[in-house]
Amino acid sequence: MSEINISVNVDSYLAKNKYEVDEGNPHIVLVEDPDDAEFDKLIRVCPAALYKRRDNNTKFFDYSGCLECGTCRILCGDTIIKKWENPGPNMGVEFRFG
Amino acid sequence: MDFDFDAIVVGAGCAGSVAAYELANANKSVLLIERGENAGSKNMTGGRIYSHSLKKVFPNFEKEAPLERRITHERISLMASDSNFSIDFTSDAMREEGKDSYSVLRGPFDQWLASKAEDAGAECLFGIPVESLVKDESGRIIGVRAGEDEITAHVVILCDGVNSLLTEEAVGYKKPPASQIAVGIKQTFMLPSQVITDRILAASDEEGAAWMIAGDATKGKFGGGFMYTNKESISLGIVAGIEGVAKSEYPIYQMMEDLKNHPSIAPLVKDAEIVEHSGHMVPEGGINIMPRLVGDGVMLAGESAMMCINFGYAVRGMDYAIAAGQAAGLAASAAIDAEDTSQTGLEKYVTLLEESFVLKDMREFSKAPAFMEGFDRMFGEYPEMVRDIMNEMFIVDGSPAKHVKAMAIPAVKKVGLLNILKDVKGAMKAL
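Criteria and thresholds
- Residues numbered from 1 in each chain as written.
- Chains lettered and ligands numbered in written order.
- Predicted model: local features only at pLDDT ≥ 70, side-chain atom pairs only at ≥ 80, totals over all residues.
- Heavy atoms only, no water.
- Helix = DSSP H or I, 4+ residues; strand = E, 2+ residues; numbered from the N terminus.
- Rg over C-alpha atoms; globule rule 2.2 N^0.38 Å.
- Buried < 20%, exposed > 50% of the residue type's maximum accessible area, 1.4 Å probe, protein only.
- Contact = heavy atoms within 4.5 Å.
- Pairing = 2+ DSSP bridges.
- Polar contact = N/O pair within 3.5 Å; in protein donor to acceptor, adjacent residues only side chain to side chain.
- Axes fitted to C-alpha atoms, helices over the stretch in contact; angles between N-to-C directions.
- Parallel < 35°, antiparallel > 145°, perpendicular 65-115°, else oblique.
- Left-handed = near helix turned anticlockwise from the far one by under 90°.
- Nonpolar A, V, L, I, M, F, W, Y, C, P; charged D, E, K, R; others polar.

(A) Structural context of the overall build of chain A. Counting its secondary structure elements, chain A contains 3 helices and 6 strands. Taken from the N to the C terminus, the helices and strands of chain A come in the order α-β-β-α-β-β-α-β-β. Relative to the compact-globule value of 13 Å for 98 residues, chain A shows a C-alpha radius of gyration of 13 Å, a close match. Overall, the C-alpha framework of chain A stretches about 35 × 30 × 20 Å when taken along its three principal axes. Taken across its 98 residues, chain A has 49% of its residues classed as buried. Restricting to contacts in chain A with at least 6 residues of sequence separation, those with at least 24 account for 70%.

(B) Expanded view of the pairing of strand β15 (residues 273–283) of chain B. All names here are of chain B. Most of β15 is tucked away: 10 of the 11 residues are buried. As paired elements, strand β11 (residues 181–190) and β15 share 10 bridges and run antiparallel to each other. When the bridges of β15 are listed, isoleucine 181 appears paired with proline 283.

(C) Inspection of the side chain of Arg48(B) at higher detail. Residue and element names in this part refer to chain B. Mapped onto the elements, arginine 48 comes out in strand β3 (residues 48–50). Residue arginine 48 is classed as buried on the basis of its relative accessible area of 8%. Within the local environment of arginine 48, its side chain forms a polar contact with the side chain of serine 101, the two groups lying 2.9 Å apart. Contacts of arginine 48, omitting those with residues within four sequence positions, involve Ile71, Glu74, Ser101, Tyr102, Ser103, Ala210, Tyr228 and Met318.

(D) A look at the packing of helix α1 (residues 14–25) of chain B against helix α4 (residues 106–120) of chain B. All names here are of chain B. Taken N-terminus to C-terminus, the directions of α1 and α4 make an angle of 15°; their axes are 7 Å apart at the nearest point. With respect to α4, the element α1 is oriented roughly parallel. As for the relative orientation of α1 and α4, their crossing is left-handed in sense. Counting all contacts with α1, which are made through Cys14, Ser17, Val18, Ala20, Tyr21, Ala24 and Asn25, the residues of α4 involved are Arg106, Phe109, Leu113, Ala114, Lys116, Ala117 and Ala120. Partitioning the contact of α1 with α4 into residue classes produces 10 nonpolar, 2 polar and 2 charged.

(E) Looking closely at unusual backbone geometry. Gly47(B) follows Gly46(B) through a cis peptide bond whose omega is -15°. In this fold, Gly47(B) is placed in the loop between β2 (30–34) and β3. Phi is positive for Asn90(A), close to 60°, though the residue is something other than glycine. Of note, Asn90(A) is situated in the loop between β5 (81–84) and β6 (92–94). What makes Asn90(A) partly exposed here is its relative accessible area of 35%.

Interpretation in functional terms is not warranted from these geometric data alone.
Here it is, written out as structure tokens:
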């Protein structure tokens, strides 16, 4: 993987947001064994930092902090994003300020 | 065939609520359907709204809309990692009714706008995502599908934003190319009203600033930082082309973190509490990536139609969305009266937009996206050139004083005079 500089912990910011997580029903699904280069693009562009590499370099994605911007769909909708739907009724992020 | 409504509007943002308001005012039965639990709860802006088009719909909006501050300071910066050069412009003309602009937060603002549609008689349905469109045998759009329900209408107006999942079914527009889309990230910082006023040097708690920052904000990539003062909060963030970010050493959230810790920004948000972290896409491609605006039984308005222009020194979208929503509402209602909501019957909407600033601006600035995208020096070399010149001017250490020309020439030579002339010429042509 090419160099990515990350010192910030975005999860602590996401904790400030209001969410109604649709447990067990992800609105974004990746293909099995996503391509490394494509995945690393999403590490960089996702404003919620949902695409991560863990210590042993394994790829990790969690939809629950999604800001529903759609950037991953536009960039990788034809490659490693298998499904991108809006969360179900009253689910997902609720911006109070926006 | 009997339809449930005259019109269905998908999405209660700037375009959608105004379209529904106009239809309801024309005594049409209209359903405004929004996937957020409230209007605005899926929306995000930098952001500031220019008042002119809103005033055409609501002449007294200043008295009733939840506006944050009137923008009376325009600040533009060229930022290097170790410097920042700013211009701060203010003028009395910024306070002129109808020519002014206001910072807004889409949560409260969109709820107000949707309430105007509801008060005018539109039926509102919140918390329901439209999953697909209903078509008749001929392929004409006749309604929307949400869960088990099908709701039908003479015309469906898609105002469901830049990430619309419905434009493909409606007009065959799958999604915009990644090269023409930017990603926006924003944090909202709470601060006492008076502290914000003082930090930005505003005249009162009713006035505030807009700030665009080119250069190190995006680590040299196409895009920029932005800041808007609200009543009791500051919106600070970054918008950057997604293809550039995808190749950057710095993820978008790290750019955000470094921007707010930059010595020229940090004092502004010092001791402030972060209350929200948001993200949204910005369509940068303008008319070059605009989908077809009408089809049989369907119209597109606002960001679902990519109605946004990045002028470099300002980004506009909401004023276009409001004008387009109004035109869509008026044209749809005329088409319903004429009992022809086919593509031909709805074509009047496009005519209205062609006659208004919406499509005139889009056409006039069709070359802006390509220019901005290739304007790499603005995000890297120019902020550093300006830093070097300014350091020469303002750092005094007792070594022999130089004339201004001698101070500027080495920094200019580093970038190349021809490159600068080329960029000036390009900017004049595109912007």
